[in-house]
Amino acid sequence: MVFQSVIHSMKLRDRRLTAFFGTTLVVLAVLPFTGLLGNWGTHIAILVMLYAVLAGAWNLLGGYTGQFSVGHAAFFGIAGYTMGILMAQGMAGPVVGAALGVVLAVALAFLVGFCTMRLRGIFFALTTMALAEILRKIALYQDNLTGGTLGLSLVIPGVSKNEYYYIILALLICMFAVLIVFERSRFGLYCIAIRENDDAALATGVNTARIKLYATLISAFFTSLAGAFYAAYIGVIEPDVVFSTNLSIKIIILAIIGGTGSLVGPLLGALVVVIPEELIRGFLGGTYAGVSGIAYGLILVVTILLKPSGLRSLLTFAIPHKRD
């Protein structure tokens, strides 16, 4: 009877999660047709989905596997810069440049993951942060390729804001589809086991080093796709933005506010943080440049004090069953 109850609760949670995501994605798909968003609203919606993808990619490695990366900006920036350099040199178009940028980012993730797969905790975090900082310095001083402090400008004619909207929506759907399969797979269970107790997982026969490496590659893949999208959409890439520690920390904050180790957490975090941040920035402009940062800092503090497991705890169906 207990086993049947567990199976029933898991199926009920799956149905509710499916309904939640289905409703959310339908709303996002039809919003541009309603005329409610406008130009600015469409921009904010694009940023929400972009950061939801970034937080979801980090969540797979940091939330599910327990590998706390503080350098995900490395994968984000290298995809954008590869795309920008190839386009600036006339060597490739945006699609080919983006594809090569993703390949290079995943190759870098393989190298880093292979070298650090036995590290954990603060040692892994510091290594990833150092990686992003090294790439930032390279981008700053190799100005013949990267444009130095000024960065690179990308011009992709003929792509409307609504088209960018649906591109990032498609990426968001793909990422959540992968996460849903991941959470219900043996690989996902191995990742959770590593997060809970690395030594115990190793003792039971889990190849923890290989699982960490695979999780790093998948996480870097989606992060780099988001980086290539950002470069194309914003049209400007600067080393102090795309390789910054601030970006890596912001991604982590979104995942923590929404709830790490959950499917809905990244989306909730992006909704709660990015919308107020962009509204504050839009209304105040450059007059009070630090207010938006203070705003999501306060959101983080309040969330940790009131809901330590993140905002996903407000949605009972989003909390994994103990058997998960």
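This text follows the structure it describes.
A brief structural summary.

Thresholds, definitions, all that
- Residues numbered from 1 in each chain as written.
- Predicted model: local features only at pLDDT ≥ 70, side-chain atom pairs only at ≥ 80, totals over all residues.
- Heavy atoms only, no water.
- Core = buried A, V, L, I, M, F, W, Y, C linked by side-chain atoms within 4.5 Å.
- Buried < 20%, exposed > 50% of the residue type's maximum accessible area, 1.4 Å probe, protein only.
- Helix = DSSP H or I, 4+ residues; strand = E, 2+ residues; numbered from the N terminus.
- Contact = heavy atoms within 4.5 Å.
- Salt bridge = Lys/Arg side-chain N within 4 Å of Asp/Glu carboxyl O.
- Polar contact = N/O pair within 3.5 Å; in protein donor to acceptor, adjacent residues only side chain to side chain.
- Phe/Tyr/Trp six-rings, centres within 6.5 Å; stacked < 30°, edge-to-face > 60°.
- Lys NZ or Arg CZ within 6 Å of the ring centre and 35° of its normal.
- Axes fitted to C-alpha atoms, helices over the stretch in contact; angles between N-to-C directions.
- Left-handed = near helix turned anticlockwise from the far one by under 90°.
- Nonpolar A, V, L, I, M, F, W, Y, C, P; charged D, E, K, R; others polar.
- Expected span 1.5 Å × (residues − 1).
- 1 Å grid on protein atoms, 1.4 Å probe; cavity = no way out; pocket = protein on both sides within 12 Å on 5 of 7 lines; lining within 4 Å.
- Points joined across faces, edges and corners; volume = space filled by probe spheres on them.

1. Remarks on the nonpolar core
A general trend in soluble globular proteins is that nonpolar side chains are found buried together. Counting residues in each nonpolar core, the largest one holds 93 residues, and the members touching the most others are Leu50, Tyr81, Met83, Tyr165, Ile168, Leu172 and Ile237. Among the elements that take part in this core, helix α2 (residues 38-64) stands out by supplying 17 residues, more than any other. When sequence neighbours within four positions are dropped, the list of residues in contact with Tyr81 reads Ala139, Thr146, Gly148, Gly151, Leu152, Ile237, Glu238, Pro239, Val242 and Phe243.

2. Side note on the pattern of salt bridges
Taken as a whole and judged by the stated rule, the model has six salt bridges. The salt bridge partner of Asp198 is Lys212, with a shortest N-O separation of 2.6 Å. With a gap of 14 residues between them, Asp198 in helix α9 (residues 198-203) and Lys212 in helix α10 (residues 208-234) connect regions that are remote in the sequence. This pair shows no difference in class: Asp198 is buried, exactly as Lys212 is. Across the salt bridge formed by Glu277 and Lys250, the nearest N and O atoms sit 2.7 Å from each other. On the criterion of sequence distance, the pair formed by Glu277 in helix α13 (residues 265-284) and Lys250 in helix α12 (residues 245-258) is long-range, its members being 27 residues apart. The class of Glu277 is buried, set by a relative accessible area of 4%. The buried category is assigned to Lys250, whose relative accessible area is 9%.

3. Focus on the side chain of Thr146
Within the fold, Thr146 resides in helix α6 (residues 143-146). In this structure the side chain of Thr146 is engaged in a polar contact, spanning 2.4 Å, whose partner is the backbone oxygen of Ala139. Among the polar contacts listed, one links the side chain of Thr146 to the backbone oxygen of Gln142, at a separation of 2.9 Å. Excluding its chain neighbours within four sequence positions, the residues that come into contact with Thr146 are Tyr81, Ile85, Ala139, Gly151 and Leu152.

4. A word on the packing of aromatic side chains
Inspection of the entire model under this criterion finds 13 aromatic pairs. Cluster of aromatic residues (ring-pair linked, three or more members): Tyr64, Phe182, Phe187 and Tyr214. One cation-aromatic arrangement involves Lys250 over Tyr51; the distance from NZ or CZ to the ring centre is 4.2 Å.

5. Overview of the packing of helix α3 (residues 73-88) against helix α4 (residues 94-116)
The contact between α3 and α4 brings their axes to 8 Å, and the two run at 140°. The crossing of α3 and α4 is right-handed. Two secondary-structure elements touch here, α3 through Phe75, Ile78, Ala79, Thr82, Met83, Leu86 and Met87 and α4 through Pro94, Gly97, Ala98, Leu100, Gly101, Val102, Leu104, Ala105, Leu108 and Ala109. Tallied by class, residues from the contact of α3 with α4 come to 14 nonpolar, three polar and no charged.

6. Here we look at helix α5 (residues 122-141)
Along its 20 residues, α5 runs 29 Å from first to last C-alpha, staying within 8% of the 28 Å computed at 1.5 Å per residue. Where α5 is buried, its residues touch α2, α3, α4, α6 and α11 (239-242).

7. Concerning the layout of surface pockets
If a probe the size of a water molecule is rolled over the atoms, the empty space left behind becomes visible. Estimated volume of the second largest pocket: approximately 340 Å³. In this structure, the second largest pocket is lined by 14 residues; those nearest its centre are Ala98, Ile167, Ala228, Phe229 and Ala232. If you list the elements that add at least two residues to the lining of the second largest pocket, you get α4, α7 (161-183) and α10. The class makeup of the residues in the lining of the second largest pocket is 14 nonpolar, no polar and no charged.

8. Here we look at α7
With 23 residues, α7 extends 33 Å from end C-alpha to end C-alpha; this agrees with the ideal 33 Å at 1.5 Å per step. Listing the buried residues of α7 in full gives Tyr164, Tyr165, Ile168, Leu169, Leu171, Leu172, Met175, Phe176, Leu179, Phe182 and Glu183.

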